[in-house]
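# Residue-level structure breakdown
Chain by chain, the residues run as shown.
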Amino acid sequence: MATSSQAEQKRLPSHAYLEGESVEIYAKLTSKGVYALTEQELLWQKRYRHLKGHGYLLRPRYSPDWKPSWLGTNLMPDFCEDSILLTISQIMDARRTSTNELVAIKTFYKHGQESHVARFLSNITDPQNHTVPILDIFPDPLDPELALMVMPYLRPCNNPEFATIGEVVEFVDQTVDGMVFMHKHNVAHRDMAVENIMMDARALYPQGHHPVRLGYTPDTLYPASPLPRAGRGIKYFYIDFGLATHFPAGASTRVVGDVGKDADVPELSETVPYDAFKVDIFTLGHLFSLEFQLKYKNADFLLPLIEPMTQRLPELRPTADQVLRMWQEQRATLNETLLRWRLVRRDEQPLQRVVNDTVAVAWEGVYRLKKFVRES
């Protein structure tokens, strides 16, 4: 009679198995430490019981009792979930045991402003608030200078890529709102690069995806295919307040520091003070340019927003409230059909465009037919 483990293996796809000499080759690679925990992963393993005591469970790879699941089998290690190495050492995924919710846990230095700013913003109830919620903060058991911050698990905002004009419009809606919210509460983010805007992508992946190997299912056996963003209420969040500044009411908003991921901000300086809020304006406008207007032929509707936001002279840039008003005016000129139209890459070849446009027209026809049926 087959054991439960044998029955489970029988259900695995053929590509998950090794054959012939490959079994011995991968066994040797494993014994040589190719799949061993890295130095940073060992630190997370040391935190395993501490985190479990706080109600957060790390993946099996980080259990103090971990042994590679493929040992003694003919399974391909790369298709075993516990073979996957951590890619960002400062951040670890985990499950909240009370809800089974996937979360992200970040190490940070306690002496900085990061936790103060993040908690301050997280605690404000406001529909414009697009800062990442802070679920928990507690001491790091390994380093008295560090603490651990727990947030919902989020996915990069541009993975998968945007597909329609409406998806871009929704992204601009939320990120402009989020900037207005922060500035209203005297917080300058100071690093509004695309890497620091994430999304809750659960609606795109109803069956989930692996938290590190993003393009695969949670068990890493199959590619994970996302649903379209349109109509699924995707919410975007600003993360990483390591460079953020919370200014007291009435205080100067001028700072120094050549910091942040966007190296094209013209006024950054280690010695000459500049307005932190104007840096946010430039950085978000530059993001809209790089991610959309320069990439897609039919994203030029963003130019009336991008051009004033990315003025070289900070004093010529609008405030966050002015950006919002400008965007609302521009948004009002976009008709509903345009919002459903696909984004056209500037490097798209003519034949490819004919095919893609034909598909897009067909989908538009399907949409109109469904709408007609609903309204009949």
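Residue numbers run consecutively from 1 along every chain, following the written order of its sequence. In keeping with the model being predicted, local features are shown solely for residues with a pLDDT of at least 70 and side-chain atom pairs are shown and tallied solely at 80 or more, while totals for entire chains, interfaces and linings include all residues. Note: side-chain values were computed over all heavy atoms of the structure, leaving out hydrogens and water.

## A short note on the confidence of the model for the chain
One number per residue, pLDDT, summarises how confident the predictor is, and it ranges from 0 to 100. Summing up the model confidence of the chain, the mean pLDDT is 92 and the portion of residues at 70 or higher is 90%. Whether two residues are in contact is decided by their heavy atoms: any pair within 4.5 Å suffices. Scored below 50 in pLDDT, residues 1-7 makes two contacts in the model with residues more than four places away or belonging to other chains.

## With respect to the pairing of strand β4 (residues 136-139)
When DSSP finds two or more bridges between a pair of strands, those strands are recorded as paired. In this description a helix means any DSSP run of H or I spanning at least four residues, a strand means any run of E spanning at least two, and both kinds are numbered starting from the N terminus. Inspection of the sheet shows β4 paired to strand β5 (residues 146-152) by four bridges, in the antiparallel sense. What sits directly across from I137, in β5, is M149. The antiparallel hairpin formed by β4 and β5 contains six residues in its connecting segment.

## Regarding the pairing of strand β8 (residues 197-200)
Pairing of strand β6 (residues 155-156) with β8 involves two bridges; the strand directions are antiparallel. Residue pairing in the sheet places P156 in a bridge with M198 of β8. Bridging between β8 and strand β9 (residues 235-238) involves four bridges; their strand directions are antiparallel. The partner of M198 across the bridge, within β9, is F237.

## Here's the deal with the packing of helix α6 (residues 165-184) against helix α9 (residues 320-331)
To obtain each axis, a line is fitted to C-alpha atoms, and for helices this fit is confined to the stretch in contact; angles are then taken between N-to-C directions over 0 to 180 degrees. One can describe the packing of α6 onto α9 by two numbers: an axis separation of 9 Å at closest approach and a directional angle of 160 degrees. As the angle between them shows, α6 and α9 are arranged roughly antiparallel. Where α6 crosses over α9, the two elements pack in a sense that is left-handed. Residues V169, V172, D173, V176, D177, M179, V180 and H183 of α6 lie in contact with α9, whose contacting residues are A320, D321, V323, L324, W327 and R331. We call two directions roughly parallel when the angle between them is under 35 degrees, roughly antiparallel when it is over 145, roughly perpendicular when it lies between 65 and 115, and oblique otherwise. By convention the crossing between two helices is left-handed if the near helix lies anticlockwise of the far one by an angle smaller than a right angle, and right-handed if it lies clockwise.

## So, the nonpolar core
Buried together is how nonpolar side chains tend to be arranged in soluble globular proteins. We define a nonpolar core as any set of buried Ala, Val, Leu, Ile, Met, Phe, Trp, Tyr and Cys residues linked to one another through side-chain atoms lying within 4.5 Å. Any residue under 20% of the maximum accessible area for its type is buried, any over 50% is exposed, and the rest in between are partly exposed; the area is computed with a 1.4 Å probe on protein chains only. Core analysis: the biggest nonpolar cluster contains 58 residues, and F171, M179, F241, L284, F288, F292 and F301 have the highest contact counts within it. Counting residues in hydrophobic clusters, the runner-up holds 23 residues, among them Y48, L51, Y62 and A94.

## Quick notes on the packing of aromatic side chains
To pair, rings of Phe, Tyr and Trp, with the six-membered ring standing in for Trp, must have centres within 6.5 Å; the planes then decide the type, stacked if under 30 degrees apart, edge-to-face if over 60, and tilted in the middle. For the structure shown, the criterion picks out nine aromatic pairs. Measuring from centroid to centroid gives 6.4 Å for F162 and Y236, while their planes differ by 25 degrees, and the two rings are stacked. On the criterion of sequence distance, the pair formed by F162 in the loop between β6 and α6 and Y236 in strand β9 is long-range, its members being 74 residues apart. Using a relative accessible area of 7% as the deciding quantity, one classes F162 as buried. Using a relative accessible area of 3% as the deciding quantity, one classes Y236 as buried. Plain terms: the ring middles of F171 and Y236 are 5.0 Å apart, the flat faces sit at 85 degrees to each other, and that makes the pair edge-to-face. Of the two residues, F171 sits in helix α6 while Y236 sits in strand β9, which places them 65 residues apart along the sequence. For F171, a relative accessible area of 1% translates into the label buried.

## A few points about unusual backbone geometry
In the segment running from N159 into P160, the intervening peptide bond is cis, with an omega of 5 degrees. Tracing the sequence through the fold places P160 in the loop between β6 and α6. Backbone geometry at N100 places phi at a positive 65 degrees, although glycine is not the residue there. When you line up the elements, N100 lands in the loop between β2 (91-96) and β3 (101-109). Notably, N186 is not glycine yet its phi reads approximately 60 degrees, a positive angle. Mapped onto the elements of the fold, N186 is located in the loop between α6 and β7 (187-188).

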